[in-house]
Structures are given as C-alpha cells and as structure tokens.
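If you want the building blocks of each chain, they are given just below.
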Amino acid sequence: MAGKRRRRSTTSRRTQDHFGKRARAEGFAARSVYKLEEIDRRVHLFRRGQRVLDLGAYPGSWTQYAADKVGREGKVLGLDIQPPPAGLPKNAEMRQVDVRTVTPDELGGPGSFDLVMSDMAPATTGQKSVDQYRSFELFMRALEIARGVLAPGGRFVGKIFQGADFPEAKKAVAAAFAETRVIRPEATRAESYELFLVGLGFH
C-alpha cells in the first residue's frame, strides 16, 4: 500500500551527516563503524592477538576497525555474498561466501575464533513483521556459527531488528554466554528499530 514517506527530523539528518562525514574523513568504508566502536567502548570486545570472524562484512568498515584493534598479532576474516573490497589491512581477509550455507567446520570448527560479529541485515520489504523475522533468521544463523567456532570465553555481537522474536534471540544468547547485553548505539539511525545483542564469556 502506497503512503507518504515520513520526513526525518532535522536532528536525525544532522546526526547521520555527522557520522557519514566522519567515516569518510577517517577512511572507513561506512558509518556503521561507529556502532561497533561504541559497543567496543561499552563492553570491551577487542584485545590484541584476537581471531575475529566478521559475518556480513561488506563494505568492510567493521573489518577495518577490528583489524586495527587486534593488531598485527591478530587476524580478521570477513564473509559476505558481495565481492571483497580493495584495500583491506594486511591482517584482514574477506571471502565471498553465503553465510546462510557455510558451515562452522569450513571455518575451522570449535576454538577457531575469539570473537564473532555480525552486522547482517535482510533486504527490507517495507513490511515490518516480515523484515523483523528475516532479521531474526539472520541473527540466529550468526549465533549458530558463533557457537560452532568460538573458543571458550569467546564473545559475540549481532544485529537484530527488534520484533516479536527478539526475546527468543536474547534467550538463545543467554543460554550460550555468561553475560548478555542489549545495546542501541548512538550512530543508529533515528527511524531504525535495530538493536545489538552481545554475548560475553562463551560457555
């Protein structure tokens, strides 16, 4: 059904302009890097030498940030259905892979990574309940991969659209990790209903 598009507030536009301009100035591929930066600041996701798996990595801003945080001793592997972008850091790699079909064993199996992160989102349809459920499916897929590749004590962060299935997703994270956090970063667009679920201390 056609309808009028809701106008964004002036404050919302200014916020988005700020993060977009900052990303370009600092050499990041997308403004979404500042969501990860805030999550990291609040829960201390990264440490030097970590092995990080980035699901839905294109265009690469999360991969860039993670590669810097883990240092030369660490390694970041990004997966996405899009071809890898040019100019990734030396300690980062991106493969063109469908996350929906890859298996944990293909990624090295249990203990292969210290952190799994997912900024995956579905192609939206405009039907809120449909988009929320598709986001839930992607989130649960990311969590399934995390459970199959994380080392004991490992960490997980995944994006999900808040909807009817959100409590189930949160419960699934709580079952696999010692601590669960729900974060909505400042860089999230004002009209978005996305949240990030964080799991710390993989069992």
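Residues numbered from 1 in each chain as written. Predicted model: local features only at pLDDT ≥ 70, side-chain atom pairs only at ≥ 80, totals over all residues. Heavy atoms only, no water.

Caption draft 1: Region of the structure containing the overall build of the protein chain. Each helix and strand counted, the protein chain has 5 helices and 7 strands in total. When the helices and strands of the protein chain are placed in sequence order, the string is α-α-β-α-β-β-β-α-β-α-β-β. Relative to its 203 residues, the protein chain shows a buried fraction of 50%. At a minimum sequence separation of 6, the contacts of the protein chain that also span at least 24 residues come to 66%. Split by element, the accessible area of the protein chain, about 10,600 Å² in all, is 48% carbon and sulfur. (Helix = DSSP H or I, 4+ residues; strand = E, 2+ residues; numbered from the N terminus. Buried < 20%, exposed > 50% of the residue type's maximum accessible area, 1.4 Å probe, protein only. Contact = heavy atoms within 4.5 Å. Areas by Shrake-Rupley, 256 points an atom, 1.4 Å probe, with all protein chains shown as cover.)

Caption draft 2: Just the pattern of salt bridges, in detail. Following the criterion strictly, the structure yields 11 salt bridges and no others. Residue Glu194 is joined to Lys35 by a salt bridge in which the shortest nitrogen-to-oxygen separation is 2.7 Å. Taken as a pair, Glu194 in strand S7 (residues 194–202) and Lys35 in helix H2 (residues 33–43) lie far apart in primary sequence, 159 residues in all. Neither residue differs from the other here; Glu194 and Lys35 are each classed as buried. A salt bridge links Arg95 to Glu93, with the shortest nitrogen-to-oxygen separation between them at 3.0 Å. (Salt bridge = Lys/Arg side-chain N within 4 Å of Asp/Glu carboxyl O.)

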